[in-house]
Structures are given as C-alpha cells and as structure tokens.
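If you want the building blocks of each chain, they are given just below.
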Amino acid sequence: MSTKMNGYMDEQMRKRNASLLLQSMIVITMTTSIWLWFTSWRYRYAITIPLSLLMFIVVAWEVRKHLTLQDGFIGLVLGFLFLYPRFVTYPGSATGFYTLHVILVSSALGLSFRYLQVNNWTFRLLAAFVLLPFLYSMLVLRINVDNSFFAMNRNSPPLYLISIKSLLALNEKLSAKKWLTVTPSFLTVWVAWYSRSRAGLVVAIWLAGILVVHNILIIGSSYWKKATKTQRFFLAGAVVLLSLVFIAIITSLIKTSRFASVGFSSNGRLEIWKSYLSAVDIKSLLIGYAPESAPDIGMHNSYLYMISTYGMISIIFFVGTAVALHRLKKVSWFYVMLMGTWLIYSLAEDVLPFSYGLFVFLPLLMLAFPPKRLNQTIWTLVHHGRRVDNLKGEIRV
C-alpha cells in the first residue's frame, strides 16, 4: 500500500465516531424510504422528507464545528440544481419536489463520510433490512416482478440494493477494513436476475466482481508474501478455481435472464433517446428543455437526462466527474471502480443526478475534493472570524 494511502487511512482512523443517534437515523431513514415503495400510499413522501430532514439536521449538528465554506458551496449548488428544473425546464411542475429526500440523505451521507467514522454494522444492518422484504416477496410470496412490483417496476429492486451495498463497501473501505463484505452483493445479483432487470443485473455483477477482485488482491497478497512455493501453487489454484466458479454462475444467470429472450434490444430506450435528440436545438442545448417522455417515464439515461434538464450547466458534472476519477485513481482503484459502477448504470437508467445513485456519487465527489481552498470553517467565521485549516475527511492525493 502506498505512503499516500497509509496517510489517508491514518486520517480515517482519527475521525470522531458518529453518534448512536445518527447511525440509527441512517438505518431508519433509508430503510423507511425503500420499504414505503412496497405500498401504494401516495403520501409516502410525507414521511420520507421529514425523516431525511431530521437525519440531515443530526449530521449537521454533529459536524457543525468542522463545516467549511466548501460544504456551504456544495449545498448552494445542490439547491440551485434542485430548483432549476422547477422554474426553467419544467416550470410549474412539482415533480422535482419528490427528490428532496434524496438530496438531504445524500448530503448527510457525504458529510458523515467526510468528517465522521460510521460503524460498519450500521450499513450491514441497513443492507439486511433492505434485502429482507425483497427476498420475502421473491422467495416466499413468489411475486412476478416482470411488469410491476408493488409501487415499483422491475428496475427498482436492483437499484435500491446496489445503492445500499455500494454504501457498505465505501464505508468498509474508508475504515481500512481489508475483507469487504460480499454476501449482500451476491444476493443483489440474484434479486436483479429474479426481477428481470438487464441493466440491474449487469451492474450488480460488476459490483460483486469489484468486491471479489478486491478481496482476492488484498487477502491473497498478504498470504502470498508469507507462503512457500507449494503454498503459493495451491493458493493460485484456489483463486483460479473460485474465479471459474464465479464466471460459470454469472454465465448461467445471464443465459437464463431477459438477455436470453430479449437480448440487448433497447425495449423502448432507443426510441426515447432518438425522440430527444431529434428535438434538440441550440436553445435546448443551452438551457435545457422538457422532452415528451420525461418526467413521466424518464430518459433511461442519466447523461441525456442531465443535458436535457440543465443544458450547458451539465458540463460541470462531466468535468467534475473526470477530475474526481483522476484524483481518486491516485488513492485506490477501488474508489474509481465504485464510481464507475454508477457511471455504467447511468447509461441505461436515470440513477443521477437526483436518484438513489446520488447516495454514493455525492460522497465520492466530496471525498475526491477535500476542502483545501474554501477551508474556512463556518463555525469559526460566525463566532471568531478566524481562518483555520480543516482537512478532516481528505483523501490525500
């Protein structure tokens, strides 16, 4: 492990532990947000938004003395992006209001990862609670999810589970845990296969593969250095055998998934994209416009959705993501691959900017851009007016 990574891990170890209240709020808020999709109650946002706001307030209070001007700037950017469609792209529409809880939770998670150490069991419990209703519905109730799944569709189960599993992987990696939990990822692959979501299946396999490769490299390398030639021979054989078993299982799942019957056809996605591209003009490229397919059924492509919604403003996302990938690459390939999970998912689904992909994407962006310049704490500015350094949560690059 590089010196930079060692320094980063030391920084993580020195973080203050998150309170039991905050960790409970993470589990309760995110579990409730997903469980309510198992109902058709139209007022579910009356619960999720207040819970999300409370979670954000708890986090903000715990890190109040560490919040920097950069954190405030991020809040302003998110607020602008939240309000822009309401007044420009979809004037008069209240659709964007329902994404408020995603922004609040994502911001709270970003601040938690930057300034606090959250116990890994928080996200393990969260993963278990979120998995439970899906497994019960599919294994016990044997519900057909091909067309609809309670208040969701077949693409929803893998989206929710992949976001939660990504958070668990990110938190374990930040806490310097060598062996990353893989069981929830394998279950997520099965759920994606059962729900017949092609994009969900591909991304679930990608995430599971990242974790498997990470564990093989980290654990295998430590044993490799100490092992004799004979032990290395058997270790290499075990790795090859496990890899072949993993590939065989994945191949079997793909052959019995919707890829076998539908293939890689778009199932309407190409028509949606062509409809948008055919209507694009200079004005829509500059300030965005509302395609006929959105917001009712979505663009099924996060990149086109951002361009259609924000126009030229969306360039900030593409440039910022490219720079973040470059910065994260200097720390660990794992963070790059984890961010890549959601960049791949974005090709076929609207997982960004204000969907469940933001739960992971925003914390990764905040970790990639530590407050080096706008590092004056708001607390000091308000109470003392002094400039201080506040680099907790920094990934050293």
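Residues numbered from 1 in each chain as written. Predicted model: local features only at pLDDT ≥ 70, side-chain atom pairs only at ≥ 80, totals over all residues. Heavy atoms only, no water.

### A look at the overall build of the protein chain
And then number 1: Secondary structure summary: the protein chain contains 18 helices and 2 strands in total.
And then number 2: Sorting the 397 residues of the protein chain into buried and exposed places 52% on the buried side.
And then number 3: Split by element, the accessible area of the protein chain, about 19,000 Å² in all, is 69% carbon and sulfur. (Helix = DSSP H or I, 4+ residues; strand = E, 2+ residues; numbered from the N terminus. Buried < 20%, exposed > 50% of the residue type's maximum accessible area, 1.4 Å probe, protein only. Areas by Shrake-Rupley, 256 points an atom, 1.4 Å probe, with all protein chains shown as cover.)

### Some words on the pattern of salt bridges
And then number 1: Using the criterion set out here, one finds 2 salt bridges in the structure.
And then number 2: Between D71 and R114 there is a salt bridge, and its shortest N-O distance comes to 2.6 Å. Placement of the pair is D71 in helix α4 (residues 69–89) and R114 in helix α5 (residues 100–115), with a sequence separation of 43 residues.
And then number 3: Between R124 and E172 there is a salt bridge; the shortest N-O distance is 3.2 Å. Here E172 lies in helix α7 (residues 156–174) and R124 lies in helix α6 (residues 120–140), a separation of 48 residues in the sequence.
And then number 4: Since its relative accessible area comes to 0%, E172 is described here as buried. (Salt bridge = Lys/Arg side-chain N within 4 Å of Asp/Glu carboxyl O.)

### Observations regarding the nonpolar core
And then number 1: Core analysis: the biggest nonpolar cluster contains 99 residues, and M30, L109, F123, F134 and F359 have the highest contact counts within it.
And then number 2: With 10 residues, α7 is the single largest residue contributor to this core.
And then number 3: Discounting residues that sit within four places of it in the chain, M30 has contacts with M25, V105, L109, L126, I164, L167 and F359.
And then number 4: Listed in part, the 6 residues of the second largest apolar core include W273, Y276, Y289 and L304. (Core = buried A, V, L, I, M, F, W, Y, C linked by side-chain atoms within 4.5 Å. Contact = heavy atoms within 4.5 Å.)

### A few points about the packing of helix α9 (residues 198–226) against helix α16 (residues 333–345)
And then number 1: Remark: α9 packs on α16, axes separated minimally by 10 Å, with the N-to-C direction vectors making an angle of 175°. Taken together, the axes of α9 and α16 are roughly antiparallel relative to one another. In this structure, α9 uses A199, G200, V203, W206, L207, I210, L211, V213, H214 and L217 to contact α16, whose residues at the interface are W333, F334, M337, L338, G340, T341, I344 and Y345.
And then number 2: Of the residues in the contact of α9 with α16, the class split is 14 nonpolar, 4 polar and no charged. (Axes fitted to C-alpha atoms, helices over the stretch in contact; angles between N-to-C directions. Parallel < 35°, antiparallel > 145°, perpendicular 65-115°, else oblique. Nonpolar A, V, L, I, M, F, W, Y, C, P; charged D, E, K, R; others polar.)

### A short note on the side chain of T377
And then number 1: The residue T377 is located in the loop between α17 (358–368) and α18 (378–383) in this model.
And then number 2: Only 2.5 Å separates the side chain of T377 from the side chain of T380, close enough to count as a polar contact. (Polar contact = N/O pair within 3.5 Å; in protein donor to acceptor, adjacent residues only side chain to side chain.)

### Description of unusual backbone geometry
And then number 1: L352 connects to P353 through a cis peptide bond whose omega is 5°.
And then number 2: Structurally, P353 is set in the loop between α16 and α17.
And then number 3: One non-glycine residue, A176, adopts positive backbone phi at about 65°.
And then number 4: By the element assignment, A176 lies in the loop between α7 and α8 (183–194).
And then number 5: On the basis of relative accessibility, which here comes to 29%, the residue A176 falls in the partly exposed class.
And then number 6: Within the chain, R196 stands out as a residue other than glycine whose phi angle is a positive 65°.
And then number 7: You can see R196 is positioned in the loop between α8 and α9.
And then number 8: By relative accessible area, which is 26% here, R196 ends up partly exposed.

### Some remarks on the packing of helix α2 (residues 20–35) against α5
And then number 1: At a closest axis distance of 12 Å, the pairing of α2 and α5 adopts a crossing angle of 150°. Overall, the two elements α2 and α5 adopt an arrangement that is roughly antiparallel. As α2 runs across α5, the sense of the crossing is left-handed. Across the interface between the two elements, L22, I26, T29, M30 and S33 from α2 touch H101, V105, L109 and S112 from α5.
And then number 2: Class assignment for the residues of the contact of α2 with α5 results in 5 nonpolar, 4 polar and no charged. (Left-handed = near helix turned anticlockwise from the far one by under 90°.)

### Some details on α17
And then number 1: Burial runs high along α17: 10 of the 11 residues are buried.
And then number 2: Contacts from the buried residues of α17 go to α2, α4, α5, α7, α15 (315–329) and α16.

### Some points on the side chain of N120
And then number 1: For N120, the location among the structural elements is in helix α6.
And then number 2: The class of N120 is buried, set by a relative accessible area of 13%.

### Regarding the packing of aromatic side chains
And then number 1: On inspection of all chains with the given rule, the structure shows 21 aromatic pairs.
And then number 2: Here the aromatic rings of W41 and Y43 are separated by 6.2 Å at their centres, their planes lie at 70°, and the arrangement is edge-to-face.
And then number 3: Geometrically, the ring pair formed by Y303 and F318 is tilted, given 6.0 Å between the ring centres and 35° between the ring planes. Note that Y303 is positioned in helix α14 (residues 302–310) and F318 in helix α15, a separation of 15 residues in sequence.
And then number 4: Here a set of aromatic residues connected by ring pairs shows up, and it is made of W37, Y45, Y160, Y356 and F359.
And then number 5: Note that R64 overlies the ring of W61, its terminal NZ or CZ placed 3.8 Å from the centroid. (Phe/Tyr/Trp six-rings, centres within 6.5 Å; stacked < 30°, edge-to-face > 60°. Lys NZ or Arg CZ within 6 Å of the ring centre and 35° of its normal.)

### Comments concerning a nonpolar patch on the surface
And then number 1: A cluster of nonpolar side chains, L83, F87, V88, I282, L286, I287, M312, I315, V319 and V323, forms an exposed patch at the surface whose accessible area comes to about 890 Å².
And then number 2: Considering the arrangement of structural elements, one finds M312 in the loop between α14 and α15. (Patch = residues over 30% accessible without salt bridge, like charges linked within 9 Å, V, L, I, M, F, W, Y side chains within 5 Å.)

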